[in-house]
Amino acid sequence: MTARTLYQVLEETARLQGPAPALRQPIGHGKEGYLTYSWNDYKQAADEIAAGLHALGIAKGDIVALDSETRLEFYLADLGILANGSIAAALYPSYPPKELIRTIESVAAHAVFVEDAKTFDTLRAAAVRHWILLTGEAEGALSLAALRELGRRAIADNPQLLATLRAQLSPSDPAILYLTSGATGEPKMALVTHAAIVANIDMGPAALPLGPEDSTVAFLPSAHIAQRVVIEMFPLRWGMPVTFFESLMKLPQDIRKVRPTILLAPPRMWERIYSTICTELRKRPAAARKAFYGALALGLAAAGYRRQGKPVPLRIRLPLSLADRLMFRKVRQRFGGRIRVAASGAAPLGKDLAEFYEAIGMPLIEGYGLTEGGVVSLNPLDRPKPGSIGKALPGVEVWLSEDSEILIKSPCLFTGYLSDPETTAEVLSDGCLRSGDLGHIDEEGYIFITGRKKELIVSSTGKKVYPSRLESLFKMEPLINHVLLIGDRLPFVTALFTVNIAAAQTLKGMDEWKRRPEAEVTQAPPLLAEIHKAVARVNKLLAPFEQIRKYRVLPREFSIEQGELTATMKVRRTRAMENFKEQIDELYAGRSD
């Protein structure tokens, strides 16, 4: 496909799909039904917002920030910013206001779209010329409706305005400024051009054969590349309608109601669903549990045959068909029953978890992408390989350096970090991106990630331990939320655990702890006994130098507010280790080899 801007992609789809639904958002406030925008409506809104921004004096190349949960109005504003030739910089709304204000000022945003008046109140101290509310009204800010009216007047006064804006915009111009949530807490600001994003979404049809008859639900944060590219820009290219969620509390109902054919979710969601199934199973009679695990064994065996390209034997196929009708179909119905593509993104997925979903007839298609490189690889729909991040997309080259770092060449690479040529040069040179991820590639071209280069633990004995591999082994343990491994330049590996309180309260012997504070529940003897068993199970899978010798169950969950988690729920190792230094010191008190 030829290089084009994202606005041109919207124009193409509007010409082809016109009145077909593009965006659907629950009306909410106790009312049934959806606010629906057609592709024509979508384009008109982008035109009016672009013209409105131009009327405000926002020019090509100016940065415009967005602070909002993912919603219909975000999509309209995003395309309007891009149609004006400005650069869209989405923020993570879950971050503390002081951090967001610092980010807004550090990128010198000329305008900020905020979700509502409440959000505006928390950010209005930032030095910004124009504030625009996506919903509602507030003194000191322009409403989205008012901005669109300003745009309509500007278009009426100058009928050539939209053509002028379109003509000045080139595919090589920057489109999005990603404010990555980084492990250090300080965002890295990565610029990506229209051409890079369009090249990425043009790869979509070959990897995921989706179209206007498909549908999806959007709920991930729009500041993250997985949401922005896969659930906002890919549908723009496919002409696929997107439905927004009403609230996270109602997300399961929204998914069942919409019955999506593709669903992208982070591993944490797939882990929580697995944990819920395990909790429900514990309440069932022993015979029911035995039947489910027997069916799971059949599903795993069938998946093994399919991965080898072999037919599933009748002795497995017949009982599995019965188990599917009686058990697995009920699990799939939680997602509406129409899913063709269940995708996991935004963080690594545990191999065992992937195998569980494959066994119940809903294989998770794991892919790999990064802010600096776009979507790089995806598991083939017909032959996913659990534990891998799939094969490189057409047009993307992936190979390994001498120290096993994943290197990438692609038309989708970013142009560099904003005002930071030194850091840019560390990861990007001669059109080659150093990903920072370590891995290997098998004989069939499937890529596997083994860890992060900077997070490698090297013990005082010189042994190398990959935290991500060990941490992934705990993803099948319903009681454990997060694992933080420690041991760099130390004689042995230790761990800090946070607990899934809801799952903990279902354990036998926990009745007297159910109404106690979280800090007490986490230290309940029945819970600690189960954690001990989980550690023992994982240690059996590890080499002696990798095994967890000591650990602590923390009194609270890691949090974004305390700086221990990113917006996508990844642990910021350095900050977490600072905050729980006392517990770590105890683990190594009187240490011995």
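Residues numbered from 1 in each chain as written. Predicted model: local features only at pLDDT ≥ 70, side-chain atom pairs only at ≥ 80, totals over all residues. Heavy atoms only, no water.

Asks: Got a sec to walk through the sheet that holds strand β1 (residues 21–28)? Specific residues and values, please.
Replies: The mixed open sheet is built from four strands, whose spatial order is β2-β1-β11-β10. The sheet terminates laterally at β2 (31–38) and β10 (216–218), the two strands that pair on one side only. Adjacent strand axes in the sheet meet at a mean angle of 30°, parallel and antiparallel pairs treated alike. For β1 and β2, the ladder comprises six bridges, and the chain directions are antiparallel. Paired with Pro21 across the bridge in β2 is Ser38. (Pairing = 2+ DSSP bridges. Helix = DSSP H or I, 4+ residues; strand = E, 2+ residues; numbered from the N terminus. Axes fitted to C-alpha atoms, helices over the stretch in contact; angles between N-to-C directions.)

Asks: Lay out the nonpolar core in plain terms, naming residues and giving numbers.
Replies: Core analysis: the biggest nonpolar cluster contains 164 residues, and Leu23, Tyr42, Phe113, Trp270, Tyr357 and Ile408 have the highest contact counts within it. Per element, the largest residue contribution to this core is nine residues, and it comes from helix α10 (residues 225–238). Contact partners of Trp270, with chain neighbours within four places excluded, come to Leu263, Ala265, Phe335, Ala342, Ala343, Ser344, Leu353, Tyr357, Met362 and Leu364. Residues Val465, Val493, Phe497 and Val538 belong to the second largest nonpolar core, which totals 28 residues. (Core = buried A, V, L, I, M, F, W, Y, C linked by side-chain atoms within 4.5 Å. Buried < 20%, exposed > 50% of the residue type's maximum accessible area, 1.4 Å probe, protein only. Contact = heavy atoms within 4.5 Å.)

Asks: Run through the packing of helix α13 (residues 286–307) against helix α14 (residues 314–333), naming residues and quoting values.
Replies: Running from amino to carboxyl end, α13 crosses α14 at an angle of 130°, the nearest separation of the two axes being 9 Å. In terms of axis orientation, α13 runs oblique to α14. Judged by the sense of rotation from one axis to the other, the crossing of α13 with α14 is left-handed. Facing α13, whose interface residues are Ala291, Phe292, Ala295, Leu296, Leu298, Gly299, Ala301, Ala302 and Tyr305, α14 presents Arg315, Ile316, Pro319, Leu320, Ala323, Met327 and Phe328. A breakdown of the residues in the contact of α13 with α14 according to their chemical character gives 14 nonpolar, one polar and one charged. (Parallel < 35°, antiparallel > 145°, perpendicular 65-115°, else oblique. Left-handed = near helix turned anticlockwise from the far one by under 90°. Nonpolar A, V, L, I, M, F, W, Y, C, P; charged D, E, K, R; others polar.)

Asks: Any chance you could break down the packing of aromatic side chains for me, citing the residues and the numbers?
Replies: Scanning the model with the defined rule gives 16 aromatic pairs in all. Where Tyr75 meets Phe244, the ring centres are 4.8 Å apart and the plane angle is 85°; that geometry is what we call edge-to-face. Here Phe244 lies in strand β11 (residues 242–244) and Tyr75 lies in helix α3 (residues 72–83), a separation of 169 residues in the sequence. Each member of the pair, Tyr75 as well as Phe244, is classed as buried. In this structure an aromatic cluster arises from ring pairing among Trp270, Tyr274, Phe335, Phe356 and Tyr357. For Arg24, the ring lying beneath its charged end belongs to Tyr34, and the centroid distance is 4.0 Å. Cation over ring: Arg516 sits above Trp513, and NZ or CZ is 4.3 Å from the ring centre. (Phe/Tyr/Trp six-rings, centres within 6.5 Å; stacked < 30°, edge-to-face > 60°. Lys NZ or Arg CZ within 6 Å of the ring centre and 35° of its normal.)

Asks: Outline the sheet that holds strand β16 (residues 391–392), listing residues and values.
Replies: Read across the open sheet, the five strands follow the order β12-β13-β14-β15-β16; overall the sheet is mixed. Among the strands making up the open sheet, the edge pair consists of β12 (262–265) and β16. For β12 and strand β13 (residues 341–344), the ladder comprises four bridges, and the chain directions are parallel. Across the sheet, residue Ile262 finds its bridge partner in β13, namely Val341.

Asks: Please set out the environment of Thr279 residue by residue, giving values where relevant.
Replies: Within the element layout of this structure, Thr279 appears in helix α12 (residues 267–282). Since its relative accessible area comes to 11%, Thr279 is described here as buried. C-alpha of Thr279 to C-alpha of Glu355: the two residues are 76 residues apart in sequence and 19 Å apart in space. Among all residues touching Thr279, those that are not within four sequence positions of it are Ala503 and Thr506.

Asks: Just give me the short version of the pattern of salt bridges, but keep the residues and values in it.
Replies: Taken as a whole and assessed by the stated rule, the structure comprises 33 salt bridges. Linking Glu358 and Arg307 is a salt bridge whose minimum nitrogen-to-oxygen distance equals 2.5 Å. Separated by 51 residues along the polypeptide, Glu358 in helix α15 (residues 351–359) and Arg307 in helix α13 bring together distant segments of the chain. Overall, Glu358 belongs to the buried group, its relative accessible area being 7%. For Arg307, a relative accessible area of 25% puts it in the partly exposed group. Here the residues in one salt-bridge network are Glu48, Arg148, Glu149, Arg152 and Arg153, joined through shared partners. (Salt bridge = Lys/Arg side-chain N within 4 Å of Asp/Glu carboxyl O.)

Asks: Give a detailed account of the packing of α12 against α13, specifying residues and quantitative values.
Replies: Where α12 contacts α13, the two axes come as close as 9 Å, and the packing angle between them is 140°. Residues Ile277, Leu281 and Arg282 of α12 form the contact with α13, whose own contacting residues are Arg289, Phe292 and Tyr293. Along the lines of polarity and charge, the residues of the contact of α12 with α13 split into four nonpolar, no polar and two charged.

Asks: Which residues make up unusual backbone geometry, and what values go with them?
Replies: We note that Arg259 has phi near 55°; this positive angle belongs to a residue other than glycine. With respect to the helices and strands, Arg259 occurs in the loop between α11 (251–258) and β12. Classification of Arg259 by relative accessible area gives partly exposed; the value is 37%. One non-glycine residue with positive phi stands out, namely Asp430, at about 55°. Among the secondary structure elements, Asp430 is positioned in the loop between β20 (428–429) and β21 (432–441). For Asp430, a relative accessible area of 75% translates into the label exposed.

Asks: An account of the side chain of Glu355 is needed here, citing residue identities and associated values.
Replies: With respect to the helices and strands, Glu355 occurs in helix α15. Excluding anything up to four places from it in sequence, Glu355 contacts Leu300, Arg307 and Pro386.

Asks: Tell me about the environment of Pro319, and please be specific about residues and values.
Replies: Tracing the chain through its elements places Pro319 in helix α14. As a C-alpha pair, Pro319 and Gln333 span 14 residues in sequence and 20 Å in three-dimensional space. Those residues in contact with Pro319 that sit more than four places away from it in its chain are Leu298 and Leu314.

Asks: Residue-level account of helix α1 (residues 6–17), with values.
Replies: Spanning twelve residues, α1 covers 16 Å between terminal C-alpha atoms, matching the ideal 16 Å at 1.5 Å per step. Among all positions in α1, only Leu6, Tyr7, Val9, Leu10, Glu11, Thr13 and Ala14 are buried. In this structure, the buried side of α1 is in contact with α2 (39–55), α3, α7 (161–168), β8 (174–180), α8 (194–202) and α10. Remark: Gly18 follows α1 within two positions and exhibits a positive phi of approximately 40°. (Expected span 1.5 Å × (residues − 1).)

Asks: Let's hear about α13: which residues, and what values?
Replies: Taking 1.5 Å of rise per residue, 22 residues should cover 32 Å, and α13 covers 32 Å from first to last C-alpha, within 8% of that figure. Along α13, the residues classified as buried are Phe292, Ala295, Leu296, Gly299, Ala302, Ala303 and Gly304. The elements touched by buried residues of α13 are α12, α14 and α15. Of the residues flanking the end of α13, it is Gly309, one or two places downstream, whose phi is positive at about 75°.

Remember, this is a structural readout, not a statement about activity or role.
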